[in-house]
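# Remarks on the overall topology
So the chains spell out like this:
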Amino acid sequence: MRERDPDDLAALMRVLHQRVQTSIERRSVSPLMEFVCSNLTAAAKHIASVPTACLRGCSHCCTLWVEASAPEVFFTVKQMDASQRASATKAVEAACRQTAGASFEARADMLTPCPLLRENVCSVYADRPLVCRTAVSTDAEICRRSLILFSGEEIPTPSAWTALRNSHRVALEGALFRAGLAHQSREWNESLRLALNDDHAEANWLAGTDVFAGLPMPQDTVTFTHPQWRAVYVHAFGSFP
Ligand code: SF4
């Protein structure tokens, strides 16, 4: 599958920007993230015929470094009930004892199961971040060798899924930037810890404070500021500052 049509992608970025504005007004990331999740789910149905090896209970990819933008983190945490939140807080603290401060590169040699994984199943499946929604492989054995045994093999992800991930990442980042909010994705465990322990973090972030500043982030990730994607921003809003 080719990358999403530039017109469609620019339109998605504009719609997400409107949702960001609604989220700011309502002091909740939910209007934005409910739309992002439903839009991505609808788009995924169009590529459902692409064969994959992913099944419930297969969780090799849940040992990988995960990165997420602020609204994704807040949205996941907001959907937890009190019991889930208590359990997540404990598990995230334990995970952070292993991963806090570790760079993306350092994590490549560490087996670090996500603290939200329970008996090989995602405990926040309906509300998981974009990168998890689009982590797809055509060969579970390669995933096992690469992610559990560190064989170094590349995960065979169908291009349709990579395109889906990139398009939503770029549209979301551009929309956040346009609204004056921090757009960067940061390391999942430490972001979760902050969101779980600071009841004001979501409101502060929506007011323009980059509450996750300083947390680890990958050096090489898809971002709307890359020249290829910056053109989409210009297409959506007319100019890039
Ligand atoms: S949030 Fe869920 S899908 Fe993503 S890594 Fe954690 S357990 Fe896996």
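Here, every reference points to the structure presented above.
Since the model is a prediction, treat every value here as computed from it, not as a measurement.

## A look at the packing of aromatic side chains
- Under the defined criterion, the tally for this structure stands at 10 aromatic pairs.
- For the pair Phe-74 and Trp-205, a centre-to-centre distance of 6.2 Å together with 50 degrees between the ring planes defines the contact as tilted. Of the two residues, Phe-74 sits in helix α3 (residues 70-78) while Trp-205 sits in helix α10 (residues 201-206), which places them 131 residues apart along the sequence. Across this residue pair, the class does not change: Phe-74 and Trp-205 are buried.
- Where Tyr-233 meets Phe-240, the ring centres are 5.3 Å apart and the plane angle is 80 degrees; that geometry is what we call edge-to-face.
- Following the ring pairs from residue to residue traces out a cluster consisting of Phe-177, Phe-224, Tyr-233, Phe-237 and Phe-240.
- The residue whose ring lies beneath Arg-128 is Tyr-125, and the NZ or CZ to ring-centre distance is 3.7 Å.
- Above the ring of Phe-240, the side-chain terminus of Arg-230 is found at 4.9 Å from the ring centroid.

## Regarding the site of the ligand
- With respect to spatial proximity, the complete set of residues near the ligand consists of Cys-62, Val-66, Cys-114, Leu-116, Leu-117, Cys-122, Val-124, Arg-128, Cys-132 and Trp-188.
- A breakdown of the residues in the shell around the ligand according to their chemical character gives 9 nonpolar, no polar and 1 charged.

## What to know about the pattern of salt bridges
- A complete count under the given rule lists 10 salt bridges for this structure.
- The salt bridge partner of Asp-199 is Arg-85, with a shortest N-O separation of 3.6 Å. Taken as a pair, Asp-199 in the loop between α9 (188-197) and α10 and Arg-85 in helix α4 (residues 82-99) lie far apart in primary sequence, 114 residues in all.
- We classify Arg-85 as partly exposed; its relative accessible area is 26%.
- One connected set of salt bridges, linked through shared partners, spans Glu-141, Arg-144, Arg-145 and Glu-153.

## Here we look at the nonpolar core
- Membership of the largest hydrophobic core comes to 58 residues, with the highest contact counts inside it found for Leu-16, Phe-74 and Trp-205.
- When contributions to this core are tallied by element, the ones reaching two or more residues are α1 (6-26), α2 (30-45), α3, α4, α8 (159-178), α9, α10 and α11 (227-237).
- With residues up to four places along the chain from it excluded, the contact list for Leu-16 reads Leu-32, Phe-35, Val-36, Ala-171, Leu-172 and Ala-175.

## A word on α9
- Across the 10 residues of α9, 7 count as buried, placing the element largely inside the fold.
- Where α9 is concerned, the buried positions are Trp-188, Asn-189, Glu-190, Ser-191, Leu-192, Ala-195 and Leu-196.
- On its buried face, α9 sits against β1 (67-68), α3, α4, α5 (104-107) and β4 (186-187).
- Taking the backbone nitrogen of Asn-189 as reference, a side-chain oxygen 3.1 Å away marks Glu-187 as the first, capping residue of α9.

## Quick word on the side chain of Ser-59
- Tracing the backbone through its elements, the reader meets Ser-59 in the loop between α2 and β1.
- On the basis of relative accessibility, which here comes to 8%, the residue Ser-59 falls in the buried class.
- Side-chain polar atoms of Ser-59 contact the side chain of Asn-120, separated by 3.0 Å.
- Not counting the four nearest positions on each side in its chain, Ser-59 is found in contact with Leu-117 and Asn-120.

## Looking at unusual backbone geometry
- With a phi angle near 55 degrees, Arg-27 is a residue other than glycine that sits in the positive phi range.
- Position of Arg-27 among the secondary structure elements: in the loop between α1 and α2.
- A relative accessible area of 66% places Arg-27 in the exposed class.
- Within the chain, Phe-150 stands out as a residue other than glycine whose phi angle is a positive 55 degrees.
- On the basis of relative accessibility, which here comes to 37%, the residue Phe-150 falls in the partly exposed class.

## Here we look at the environment of Arg-144
- Looking at the secondary structure, you find Arg-144 in helix α7 (residues 140-148).
- The residues touching Arg-144, leaving out its near neighbours within four places in the chain, are His-60 and Leu-149.

## Examining α11
- All buried positions along α11 are accounted for by Trp-229, Val-232, Tyr-233, Ala-236 and Phe-237. The arc enclosing the buried residues of α11, seen along the axis, measures out at 110 degrees, which places them on a common side. Residues Pro-227 and Gln-228 are exposed on α11 and point more than 90 degrees away from its buried face.
- Elements in contact with the buried residues of α11: α1 and α8.
- Looking one or two residues beyond α11, the residue adopting positive phi is Gly-238, at roughly 100 degrees.

Calculation rules
- Residues numbered from 1 in each chain as written.
- Predicted model: local features only at pLDDT ≥ 70, side-chain atom pairs only at ≥ 80, totals over all residues.
- Heavy atoms only, no water.
- Phe/Tyr/Trp six-rings, centres within 6.5 Å; stacked < 30°, edge-to-face > 60°.
- Helix = DSSP H or I, 4+ residues; strand = E, 2+ residues; numbered from the N terminus.
- Buried < 20%, exposed > 50% of the residue type's maximum accessible area, 1.4 Å probe, protein only.
- Lys NZ or Arg CZ within 6 Å of the ring centre and 35° of its normal.
- Near = heavy atom within 4 Å.
- Nonpolar A, V, L, I, M, F, W, Y, C, P; charged D, E, K, R; others polar.
- Salt bridge = Lys/Arg side-chain N within 4 Å of Asp/Glu carboxyl O.
- Core = buried A, V, L, I, M, F, W, Y, C linked by side-chain atoms within 4.5 Å.
- Contact = heavy atoms within 4.5 Å.
- Polar contact = N/O pair within 3.5 Å; in protein donor to acceptor, adjacent residues only side chain to side chain.
- Arc of directions from axis to C-beta.

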